[in-house]
Amino acid sequence: MYQYRRFNNKNGFFQKFGNLDYVLLSCLLILGFISLATMYSTDGGEVLFHTRSHFIKFVVFFSMMLVISFINIKFWFSLGYLSYAVILGMLIWTINFGITASGSKRWIDLYFLNLQPSELMKIFIILCLAKYFHRMKSQHVNSFYSICFSLIIIFVPMSLVIIQPDLGTSLLIALSGIVVLWFAGLNHKYFFYSCLLSIISLPIIISFLKPYQKLRVLTFLNPDRDPLGAGYQIIQSKIAVGSGGFTGKGFLKGTQSYLEFLPEKHTDFIFTLFSEEFGFIGSVLLLLIYSIIIYRVIRIGALSRSYFAKLFCYSFGTSIFIYVVINMSMVLGLLPIVGSPLPIMSYGGSSMLATMIGFGIVMSAKTHSQQSIA
Amino acid sequence: MINISDSATKLNSLNRRMFILAAAKIIILGGIVSRLFFLQVKENKKYLTLSDKNRIREWKLPPIRGEFQDYFGNIIAGNFEAYQLHIIPEEVEDFRYVIYRVKELLELSEKQFKKVIKKKNEIKPWETLIVADNLSWEKFSKINNHLYDLNGVKPVISISRDYPYKENFTHILGYVSQANENDLLTNENIKEKFVPGLKVGKTGLEKSFEQKLIGSNSVERYEVNAYGRRISQLAFQKGDKGETIKLTIDTKIQELTNELLKEKAGSICVMDIYTGAIVAMHSSPSFDPNSFVFGISQDEWQLIRNNPMKPLVNKSLSGNYSPGSTIKPIVALSALENEIIKPDFTVQCRGHKNPLELYGQTYHCWKKEGHGFVNLREAMKQSCDTYFYEVARRLGVDRLSVTAKKFGLGQKVFKDVFDNEKSGLVPNTEWKKNALGRNWVLGETIITGIGQGFIQTTPIQLCLMTAQIANGGYKIYPKIVANDDNQYADKFTPLYKKSRNIKIVQDAMFSSTNEVRGTSYRSRLDDPKYRFAGKTGTSQVKKITERDRELDLKTFEIPYEERDHALYVAFGPYKSPRYALSIIIEHGGSGGTVAAPLAKELFKMIIDRHEIRKNYDNKKYLDI
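Residues numbered from 1 in each chain as written. Chains lettered and ligands numbered in written order. Predicted model: local features only at pLDDT ≥ 70, side-chain atom pairs only at ≥ 80, totals over all residues.

1. Side note on the overall build of chain B
And step 1. In terms of helices and strands, chain B carries 24 helices and 19 strands.
And step 2. Each of the 624 residues in chain B was classed as buried or not, and the buried ones make up 41%.
And step 3. Sequence separation of 24 or more characterises 74% of the internal contacts of chain B that already satisfy a separation of 6 or more. (Helix = DSSP H or I, 4+ residues; strand = E, 2+ residues; numbered from the N terminus. Buried ≥ 20, exposed ≤ 12 C-beta atoms within 10 Å, placed from the backbone. Contact = placed C-beta atoms within 7 Å.)

2. Quick word on the environment of Q411 of chain B
And step 1. Secondary-structure assignment places Q411 of chain B in the loop between α18 (397-406) and α19 (429-436).
And step 2. A C-alpha to C-alpha distance of 9.0 Å links Q411 of chain B and T457 of chain B, two positions 46 residues apart in sequence.

3. Observations concerning the packing of helix α5 (residues 73-97) of chain A against helix α6 (residues 117-134) of chain A
All names here are of chain A.
And step 1. Where α5 meets α6, the axes come as close as 8 Å, and the angle between the chain directions of the two elements is 145°. α5 and α6 meet at a crossing whose hand is left-handed. In this structure, α5 contributes W76, F77, G80, Y81, S83, Y84, I87, M90, L91 and T94 to the contact, and α6 contributes P117, S118, L120, M121, F124, I125, L127, C128, A130 and K131.
And step 2. When grouped by side-chain class, the residues that make up the contact of α5 with α6 number 15 nonpolar, four polar and one charged. (Axes fitted to C-alpha atoms, helices over the stretch in contact; angles between N-to-C directions. Left-handed = near helix turned anticlockwise from the far one by under 90°. Nonpolar A, V, L, I, M, F, W, Y, C, P; charged D, E, K, R; others polar.)

4. A look at the nonpolar core
And step 1. Ranked by internal contacts, the top residues of the largest apolar core, which has 107 residues, are V270, M271 and L581 of chain B.
And step 2. Built from parts of two domains, this core gets at least three residues from each of domain 1 (59-246) and domain 2 (251-294 + 314-623) of chain B.
And step 3. Not counting residues within four places of it along the chain, the set of residues in contact with V270 of chain B comprises I253, V279, A280, Y579, L581, L602 and I606 of chain B.
And step 4. Judged by nonpolar contacts, the second largest core, of 101 residues, contains I73, V241 and Y307 of chain A together with L39 of chain B. (Core = buried A, V, L, I, M, F, W, Y, C linked by C-beta atoms within 7 Å. Domains from an automatic or database assignment.)

5. Quick notes on the sheet that holds strand β17 (residues 533-539) of chain B
Residue and element names in this part refer to chain B.
And step 1. Pairing within the open sheet is antiparallel, and its five strands lie in the order β12-β11-β19-β18-β17. Unpaired on one side and paired on the other, β12 (278-284) and β17 mark the two borders of the sheet. Pairwise comparison of adjacent strand axes, ignoring direction, gives a mean angle of 10° for this sheet.
And step 2. In the sheet, strand β11 (residues 266-272) pairs with strand β19 (residues 579-585) via seven bridges, with the strands oriented antiparallel. Paired with G266 across the two strands is I585, which belongs to β19. (Pairing = 2+ DSSP bridges.)

6. Quick notes on the sheet that holds strand β1 (residues 99-101) of chain A
All names here are of chain A.
And step 1. Taking strand neighbours across the sheet as the criterion, the three strands line up as β1-β2-β3 in an open arrangement whose pairing is antiparallel. Edge positions in the open sheet fall to β1 and β3 (114-115), since each of these has one partner strand only.
And step 2. Here strand β2 (residues 104-109) pairs with β3 via two bridges, running antiparallel. Directly across from I108, in β3, lies its bridge partner L115.

7. Digging into the confidence of the model for chain A
Note that predicted coordinates carrying low pLDDT should not be read in detail.
And step 1. Per-residue confidence for chain A averages 88 on the pLDDT scale, and 97% of its residues sit at or above 70.
And step 2. Confidence drops under pLDDT 50 across residues 1-6 of chain A; counting only partners more than four residues distant or on other chains, this segment forms zero contacts. (pLDDT = per-residue confidence, 0-100.)

8. Quick look at the packing of helix α8 (residues 144-162) of chain A against helix α9 (residues 167-184) of chain A
All names here are of chain A.
And step 1. Where α8 contacts α9, the two axes come as close as 8 Å, and the packing angle between them is 170°. Taken together, the axes of α8 and α9 are roughly antiparallel relative to one another. In contact with S150, I153, I154, P157, M158, V161 and I162 of α8, α9 contributes L167, T169, S170, I173, A174, G177 and L181.
And step 2. Its residues assigned to classes, the contact of α8 with α9 shows ten nonpolar, four polar and no charged. (Parallel < 35°, antiparallel > 145°, perpendicular 65-115°, else oblique.)

9. Observations regarding the interface of chain B and chain A
And step 1. The interface is formed by 37 residues belonging to chain B together with 36 residues belonging to chain A.
And step 2. Counting residues per element, the side of chain B that touches chain A draws most heavily on helix α1 (residues 4-42) of chain B, which supplies 21 residues.
And step 3. Looking at the side of chain B that touches chain A, its residues break down into 20 nonpolar, eight polar and nine charged.

10. As for helix α4 (residues 49-69) of chain A
Quick reminder: α-helices carry 3.6 residues per turn. Residues three or four places apart thus point the same way.
Residue and element names in this part refer to chain A.
And step 1. Its 21 residues place the ends of α4 30 Å apart at the C-alpha level, agreeing with the 30 Å of an ideal helix rising 1.5 Å per residue.
And step 2. For α4, the set of buried residues is T51, H54, K57, F58, F61, M65 and S69. The arc enclosing the buried residues of α4, seen along the axis, measures out at 130°, which places them on a common side. Exposed and facing more than 90 degrees away from the buried side of α4 are F49, I56, V59, S63 and V67.
And step 3. For α4, the secondary structure elements touched by its buried residues are α3 (22-42) and α17 (349-367). (Expected span 1.5 Å × (residues − 1). Arc of directions from axis to C-beta.)

11. Focus: the pairing of β2 of chain A
Residues and elements named next belong to chain A.
And step 1. Summarising the sheet, β1 and β2 pair through three bridges and their orientation is antiparallel. Residue I99 lies in a different strand from β2, and its bridge partner there is W107.
And step 2. The hairpin formed by β1 and β2 contains two residues between the paired strands, and S102 there has a positive phi angle of roughly 40°.
And step 3. In this antiparallel pair of consecutive strands, β2 and β3, the connection spans four residues, and Y111 shows a positive phi of 70°.

12. Comments concerning the environment of F77 of chain A
And step 1. As for its placement among the helices and strands, F77 of chain A is situated in helix α5.
And step 2. For the pair F77 of chain A and A130 of chain A, spaced 53 residues apart in sequence, the C-alpha to C-alpha distance is 8.5 Å.

13. Let's talk about the environment of V224 of chain B
And step 1. Mapped onto the elements of the fold, V224 of chain B is located in strand β8 (residues 219-224).
And step 2. For V224 of chain B, a count of 19 C-beta atoms within 10 Å puts it in the partly exposed group.
And step 3. Along the backbone, V224 of chain B and R55 of chain B are 169 residues apart, and their C-alpha atoms lie at a distance of 5.2 Å.
And step 4. Once residues lying within four places of it in the same chain are set aside, the contact partners of V224 of chain B are L259 of chain A together with R55, R57, R229, R230 and I231 of chain B.

14. Details of unusual backbone geometry
And step 1. In this structure, the amide linkage connecting Q164 of chain A to the following residue, P165 of chain A, adopts the cis form with an omega of 0°.
And step 2. With respect to the secondary-structure elements, P165 of chain A resides in the loop between α8 and α9.
And step 3. Here the bond from G572 of chain B into P573 of chain B is cis, since omega is -15°, no more than 30 degrees from zero.
And step 4. Phi at K166 of chain B takes a positive value of approximately 50°, unusual for a residue other than glycine.
And step 5. For K166 of chain B, the location among the structural elements is in the loop between β5 (153-162) and α6 (170-173).
And step 6. Backbone geometry places E263 of chain B, a non-glycine residue, at a positive phi of 70°.
And step 7. By the secondary structure assignment, E263 of chain B is in the loop between α11 (251-260) and β11.
And step 8. What makes E263 of chain B exposed here is the crowd of 7 C-beta atoms within 10 Å.

15. Describing the confidence of the model for chain B
And step 1. When the pLDDT values of chain B are averaged, the result is 88; 98% of them are 70 or greater.
And step 2. Per the prediction output, this complex has pTM 0.69; the corresponding ipTM is 0.91.

16. Overview of the pairing of β8 of chain B
Residues and elements named next belong to chain B.
And step 1. Where strand β1 (residues 56-60) and β8 come together, five bridges link them in antiparallel fashion. Across the sheet, the residue bridging to E58 is R221, located in β8.
And step 2. Pairing geometry for β8 and strand β9 (residues 230-237), over six bridges, is antiparallel. Its bridge partner lying in β9, Y222 is registered against Q233.
And step 3. Between β8 and β9, which pair antiparallel and follow one another directly, the connecting turn spans five residues, one of which, G228, has a positive phi of 85°.

Below, the structure is given as structure tokens:
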């Protein structure tokens, strides 16, 4: 009797409210605040288009996340395949009717928002694969059929994104998918062999790259070969970060961004600007906030009852980690430049939307941690 | 339905893998942090410098050029404020309107206007467009009055070269003009200080003393953005003005030389015989160096270039002339020094009817009737050629050339101060063998004795020669920069063997000017204070044929190019000599009638000015 009542109460609105992960929420809010401050700095210390737009997007999508938190995790489980199919449809739509900007077709015009379906795919591929493996018996995970099927789930959106062309996002989609495969228990040797295979086939892959992509790889290996052309971004980015020093140049005092030496400072290179103005201390603090967020996400997964929720939380947390690491490594000159935004910090509605949906589902897993899924 | 144990295996595997990955994540995070540490803490200095290099750019401003002063501290090449008109196209709302309005106000010609438009298209919109670089005050104030509808137009006062004495100092100072590629290649200093519009010395002392005159750039330091646009000024570092160079020239005398040589081609040099200070040095015709400062117009340039009197040549230093009879003091001195003759050595000059004959060649004296029996003093006084043919024949060209070189002929007087100075030529037998591959013939010795043939001298060399005879035969080093304190070990060493020989020559030169029948007797000054001694010279530019001799034409009847050069060298005051001078009038005719009268005018002023010069020196001494 007591048990039953407790179970019932759990499902009440106030119970759910009390079950929200407030550490995660406050970390997200802090991150949102930092991103707004940084955006304000990219606008040159004024509230201009980017700041305003970023603020609106953050507020709207953060509220949306809260709403999602109250939706039963079962609902997301049931939506797994359908949402994947819808986004896939959107990707196909993009290829035919998308908006072209700077040489690639990535966006769908939704009147109030230019949606980038590839960003959404980063989350929904996790959802889809988590559902796929949730039902699977452990001995079937490594069966030929299931591996093939899951690889198809990954490859279809990936190739649709590659032809936009958007190498960065397609790689991130693939990585998100692979992460799920890893957690689902795919044999280690597959990862090992495919790693080996990709290293061996790297020269062949490079020969298939577009000239500008080849240039990026070459530039990564030696940025000084064309300091005013292809190497410009990475050189200027390193100068900005390096000149920030231990404590940074101070808020709104980053000369590299203020004097327009930094490329893409609103989006992919936002961390550079942050790091220039707040220095080593600030950068480490930012990393710490990301770490706490990721830790909380994984902790929610660990506390969840259902396999689906666990798989989703682990994979999503790891994906966030990968996005952060890839973006930072890129601006710090550790990886070649591929377009990859820093979650929440970077300007961009679709990325924010996708990230917030992800956090919403995680939060829903938290509020429904006792929910088991058949 | 999933069975319980299977679900547990799955969860186990999941948690295990999560654990592995968490460890990997910590390692990767550590990597990122250490990279941040490396860039921001360890390499911070390097990137800070790079960032400053990015954002800070320096603009050099043209340095302010040093001035030239004459002996009394008057500025003979200074700086003036040029009125200029600048436009920064980007700051102009309606460029077309403004530029047409400016064109109207400044009355620019179509050609000038097109040039401005062309320049505008070459520069970036935030760079300065110089519409006019030297406006008259009237136009400048007109622009200032219309500034209200000329948005973005900036009237600017900039510093530029000015030569207040116009053509008087042109050949000494040279002129400045826009630095060109050649200037940048040959002079490191110019390259280092170059800014568009920099003006550098092209000839004369302006070029020789470029190093000292140029000064150093003022530097404006600006913060710029990635596109090179100035955002804010960070610092202004004031440059130094170039050194002021003081010359030994007396402007009053220099102006007189210019006056005297008006309409003539020629040169006057005046020198202090003890210090070697050049008091005046002028080459005529001259031109106004101011017209070169902002670029000379093509027409004006062609006019100067094609003038048959060659205004561009500094005749004082690079004019090679046969010295004519002005060489005779050296010939006489050389003969006395080598004890070939005694002052009472006598030769009979028998006029044109009975010229000196040697190997079928005849050598005439200038005087048709001949001079009769003449000794050294008399021969010098009347400039008897026959006497000096004989002396030269006995002396030989080699011994003559030794004396001539000793007295400064055949070598550059100013060493490398002027890049256009010529060294002239004192021939000897060895020189001819080497240079022409033929043996010296006696006839050439004979004509060298009267300053014709191979021998070539510049006016400044003749002046130096006269000065060294006048000061009693002591070596001096001419100088044109006042505080040129080059110490020469052999300064004031005697150039003679017997000082009596110098006295004899001086006396002979005195007689030439101050005694009846002297060649420049009519140009004498009787007041002992001003009395001077000199030697005339008339150098032929072409061989006189038998027919010419019969015609005996007056100077004005001969075509200009074939007329004789008139020369005169002198020193004074005779009692206690202080100044020597040389005068050359190209194609002027006879030295006695054309060149010597100028010396009369000059000595009057030179000796009067000597007092002032001395007083100025003393006062300067007191001031210290």
